[in-house]
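Chain by chain, the residues run as shown.
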Amino acid sequence: VEFGFSSQSTRRIRLFLFRSCVLRRLPPRVRLRDIPFAMLNHEGKVVDLYVPRKCSWSSSLITAKDHASVQINVGHLDENGVYTGQQTTYALCGFVRSKGEADSALDTLWQKNKAELNQ
């Protein structure tokens, strides 16, 4: 499962997982790229209790302690202005909101997405 972490975060996660595997005395053939990023059940579904989000505007990781962050669902409308049941989700971190850039960020993100969706 790929979450889109930065390369530095990926290295830290892999190193943490590798060290925990070494402490459990797994075979020495375990390579860093063989260690999964998420806990998966036997059906291949992610069963982690906490999956971190990324800011849609700044691409920074939204931590669990970022209480100023928001997640906004923008509904899609048809040509008559009726909700189609589809939505686009945007996550904005607290830093973007505190700088006063959230409204312009959301508008820019939606304009880009709207062009892709042909709405």
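Residues numbered from 1 in each chain as written. Predicted model: local features only at pLDDT ≥ 70, side-chain atom pairs only at ≥ 80, totals over all residues. Heavy atoms only, no water.

> Now, about unusual backbone geometry: what can you tell me, with residues and values included?
Look at Ser 59: it is not a glycine, yet its phi comes out positive at around 60°. Classification of Ser 59 by relative accessible area gives partly exposed; the value is 45%. (Buried < 20%, exposed > 50% of the residue type's maximum accessible area, 1.4 Å probe, protein only.)

> Tell me about the environment of Val 70, and name the residues and values.
Examined against the element boundaries, Val 70 turns out to sit in strand β3 (residues 70–77). Once the C-alpha coordinates of Val 70 and Cys 55 are considered, the two residues, 15 residues apart in sequence, prove to be 9.3 Å apart. Those residues in contact with Val 70 that sit more than four places away from it in its chain are Arg 53, Tyr 90, Ala 91, Leu 92 and Arg 97. (Helix = DSSP H or I, 4+ residues; strand = E, 2+ residues; numbered from the N terminus. Contact = heavy atoms within 4.5 Å.)

> Summarise the side chain of Asn 113; cite the residues concerned and give the values.
Along the chain, Asn 113 turns up in helix α3 (residues 102–117). Owing to a relative accessible area of 14%, Asn 113 belongs among the buried residues under this scheme. Sequence-distant contacts of Asn 113, defined by excluding residues within four places in its chain, comprise Thr 88 and Tyr 90.

> An account of α3 is requested, with residue identities and associated values reported.
A turn of α-helix holds 3.6 residues, and therefore any two residues three or four places apart point the same way. Between the first and last C-alpha of α3 there are 22 Å, a value that for 16 residues agrees with the 22 Å anticipated at 1.5 Å per step. Among the residues of α3, those classed as buried are Ala 102, Ala 105, Leu 109, Trp 110 and Asn 113. For α3, the buried positions fall inside an angular range of 125° around the axis, keeping them on one side. Across from the buried face of α3, at angles greater than 90 degrees, the exposed residues are Asp 103, Lys 112 and Ala 115. Remark: Asn 118 follows α3 within two positions and exhibits a positive phi of approximately 60°. (Expected span 1.5 Å × (residues − 1). Arc of directions from axis to C-beta.)

> Tell me about the pairing of strand β4 (residues 83–92), and please be specific about residues and values.
In summary, the side chains of a regular strand alternate between the two faces of the sheet. Here seven bridges tie β3 to β4, and the two strands are oriented antiparallel to one another. Following the sheet pairing, Asn 73 is matched in β4 by Thr 89. Taking the residues that link successive antiparallel strands as the turn, the β3-β4 hairpin has five residues, and the phi of Gly 81 there is positive, at about 85°. (Pairing = 2+ DSSP bridges.)

> Any chance you could break down the nonpolar core for me, citing the residues and the numbers?
Core analysis: the largest hydrophobic core is formed by twelve residues, namely Cys 55, Ile 62, Val 74, Tyr 90, Ala 91, Leu 92, Cys 93, Val 96, Ala 102, Ala 105, Leu 109 and Trp 110. Excluding its chain neighbours within four sequence positions, the residues that come into contact with Cys 55 are Ser 60, Ile 62, Ala 91, Leu 92, Cys 93 and Val 96. (Core = buried A, V, L, I, M, F, W, Y, C linked by side-chain atoms within 4.5 Å.)

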